Amino acid sequence: MKRCDTKAQLGVMVQQTRAVGKKVGFVPTMGALHPGHASLIERASNECDFVVVSVFVNPTQFDNAQDFATYPIALERDIDVAQAAGAHAVFTPKVVELYGGDLAVEPVNYGRLTSTFEGKMRKGHFDGVVAVVRKLFQAVQADAAYFGEKDLQQLAVIRRLAADEFEGLEIVGCPLIREEDGLAMSSRNVRMSDDDRQTALHLSGWLKSIRADASAGIEVGKLLDKVRLEAAAVEGLELEYVDAVNGHTFEPQQVTGNGNGVFAIIAADVGGIRLIDNCRLACS
Ligand code: PAF
């Protein structure tokens, strides 16, 4: 596996690959790779001939300086994980390589996709995500890019970016991967104390009950209200939102049914760490 940190080196590598008709897959990450990332790389390597993984902690998408300062970094381990999962190249640019000297990013307005939930709670977050993913897509020139459904709203935003600006680039959404105890995998989980981790399990527990009760025909609005009440009583957990939405448009949608892509989404702060999770509700 090759490692490069400039767009020029990467460009040469990708051009040579494409010149012989090979399909290029891309998995963008911020490092601290866990099995959720590995599953994206594995899927990409099953579907593509050449897989590029980027490791870049993007400063412009953090709305919280402390979160940026403490974001876990494990580059040597990341390289091993990427290689074991089937990557052919790891792209590790420095900030200046992607942004030059200017970290200002354009505001992005994709309507509800960028103004609700994560867009509302984390001001400027999607501006930074779109800015960096646009730069990475331009640098990598992939045929397909792989993103986890853990960041469901980000996935919808990226689909919109690709539809508007990257014709022919396939965006592949991949299932959220959970720890054995049900916690959604996240690079930030390593920063949680044991107690906070127990508290954090409420999120996946609530989603599981919403899904089961919605399949049994209970009105989703009532289930969401029940979770809001329960969450208010949990010490050390501050619920930001819990809702049911269409996973592509992020319109609120409380009627589940065959294939209509309804997801329950939740975000909460546990011990100073912001957690998000979701699960598909539409049932057969
Ligand atoms: O999901 C992430 O890890 C990041 O938001 C991404 C897509 C790599 C952009 O920095």
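Refer to the structure above for everything that follows.
So, a few notes on the structure that sits alongside this text.

**A closer look at the packing of helix α2 (residues 35-47) against helix α4 (residues 75-85)**
Link 1 in the chain: Packing of α2 against α4 brings their axes to within 8 Å, and their N-to-C directions diverge by 35 degrees. At the point where α2 passes α4, the crossing takes the right-handed sense. Residues Ala 38, Ile 41, Glu 42 and Ser 45 of α2 pack against Val 81, Ala 82 and Ala 85 of α4.
Link 2 in the chain: Grouping the amino acids of the contact of α2 with α4 by side-chain chemistry returns five nonpolar, one polar and one charged.

**Quick word on the site of the ligand**
Link 1 in the chain: Taken together, Pro 28, Thr 29, Met 30, Asn 58, Gln 61, Val 132, Phe 147, Asp 151 and Gln 154 make up all the residues around the ligand.
Link 2 in the chain: One of the side-chain nitrogen or oxygen atoms of Gln 61 is found 2.6 Å away from an oxygen atom of the ligand.
Link 3 in the chain: Burial of the ligand by the protein chains amounts to 88% of its free accessible area of 290 Å².
Link 4 in the chain: Counted by class, the shell around the ligand contains four nonpolar, four polar and one charged residues.

**Quick notes on the nonpolar core**
Link 1 in the chain: Core analysis: the biggest nonpolar cluster contains 47 residues, and Val 52, Phe 137 and Ile 171 have the highest contact counts within it.
Link 2 in the chain: No other element matches the ten residues that helix α8 (residues 125-140) contributes to this core.
Link 3 in the chain: Residues in contact with Ile 171, not counting those within four places in the same chain, are Phe 137, Ala 145, Phe 147, Leu 155, Ile 158, Arg 159 and Ala 162.
Link 4 in the chain: Residues Leu 207, Val 220, Val 270 and Cys 279 belong to the second largest nonpolar core, which totals 27 residues.

**Focus: α8**
Link 1 in the chain: Between its terminal C-alpha atoms α8 stretches 22 Å, which fits the 22 Å expected from 16 residues at 1.5 Å a residue.
Link 2 in the chain: Among the 16 residues in α8, 13 count as buried, and that is most of the element.

**A closer look at the environment of Ala 142**
Link 1 in the chain: Along the chain, Ala 142 falls in the loop between α8 and β5 (144-148).
Link 2 in the chain: Overall, the relative accessible area of 17% leaves Ala 142 in the buried class.
Link 3 in the chain: Residues Ala 142 and Cys 48 lie 94 residues apart in sequence; the distance between their C-alpha atoms is 9.8 Å.

**A word on the pattern of salt bridges**
Link 1 in the chain: Under the definition given, this model contains 17 salt bridges.
Link 2 in the chain: Across the pair Glu 251 and Arg 112 runs a salt bridge, and its minimum N-O distance is 3.9 Å. Separated by 139 residues along the polypeptide, Glu 251 in the loop between β7 (237-246) and β8 (262-270) and Arg 112 in helix α6 (residues 112-115) bring together distant segments of the chain.
Link 3 in the chain: With relative accessibility at 40%, the residue Glu 251 sits in the partly exposed group.
Link 4 in the chain: Measuring nitrogen to oxygen at the nearest pair gives 2.7 Å for the salt bridge that ties Arg 134 to Glu 165. A residue pair is termed long-range when its members are at least 10 positions apart, and Arg 134 in helix α8 and Glu 165 in helix α9 (residues 152-165) qualify at 31 residues.
Link 5 in the chain: Judged by its relative accessible area of 24%, Arg 134 is partly exposed.

**Concerning the pairing of strand β3 (residues 50-55)**
Link 1 in the chain: Here β3 lies mainly inside the structure; six of its six residues are buried.
Link 2 in the chain: Both faces of β3 are covered, namely the face carrying Phe 50, Val 52 and Ser 54 and the face carrying Val 51, Val 53 and Val 55.
Link 3 in the chain: Sheet topology note: the strand β2 (residues 24-29)/β3 ladder contains six bridges and is parallel. Note on β3: the bridge partner recorded for Pro 28 is Ser 54.
Link 4 in the chain: With α2 bridging β2 and the parallel β3, this β-α-β connection has right-handed handedness.

**Notes on the environment of Ile 210**
Link 1 in the chain: Note on placement: Ile 210 falls in helix α10 (residues 194-215).
Link 2 in the chain: Take Ile 210: its relative accessible area is 2%, and that puts it in the buried class.
Link 3 in the chain: Separated by 206 residues in the primary sequence, Ile 210 and Cys 4 have C-alpha atoms spaced 45 Å apart.
Link 4 in the chain: Setting aside residues up to four positions removed in sequence, Ile 210 forms contacts with Leu 223, Leu 224, Val 227, Val 242, Ala 264 and Leu 281.

The rules behind each value
Residues numbered from 1 in each chain as written. Predicted model: local features only at pLDDT ≥ 70, side-chain atom pairs only at ≥ 80, totals over all residues. Heavy atoms only, no water. Axes fitted to C-alpha atoms, helices over the stretch in contact; angles between N-to-C directions. Helix = DSSP H or I, 4+ residues; strand = E, 2+ residues; numbered from the N terminus. Left-handed = near helix turned anticlockwise from the far one by under 90°. Contact = heavy atoms within 4.5 Å. Nonpolar A, V, L, I, M, F, W, Y, C, P; charged D, E, K, R; others polar. Near = heavy atom within 4 Å. Polar contact = N/O pair within 3.5 Å; in protein donor to acceptor, adjacent residues only side chain to side chain. Areas by Shrake-Rupley, 256 points an atom, 1.4 Å probe, with all protein chains shown as cover. Core = buried A, V, L, I, M, F, W, Y, C linked by side-chain atoms within 4.5 Å. Buried < 20%, exposed > 50% of the residue type's maximum accessible area, 1.4 Å probe, protein only. Expected span 1.5 Å × (residues − 1). Salt bridge = Lys/Arg side-chain N within 4 Å of Asp/Glu carboxyl O. Pairing = 2+ DSSP bridges. Right-handed = clockwise from strand over helix to strand, strands pointing away.

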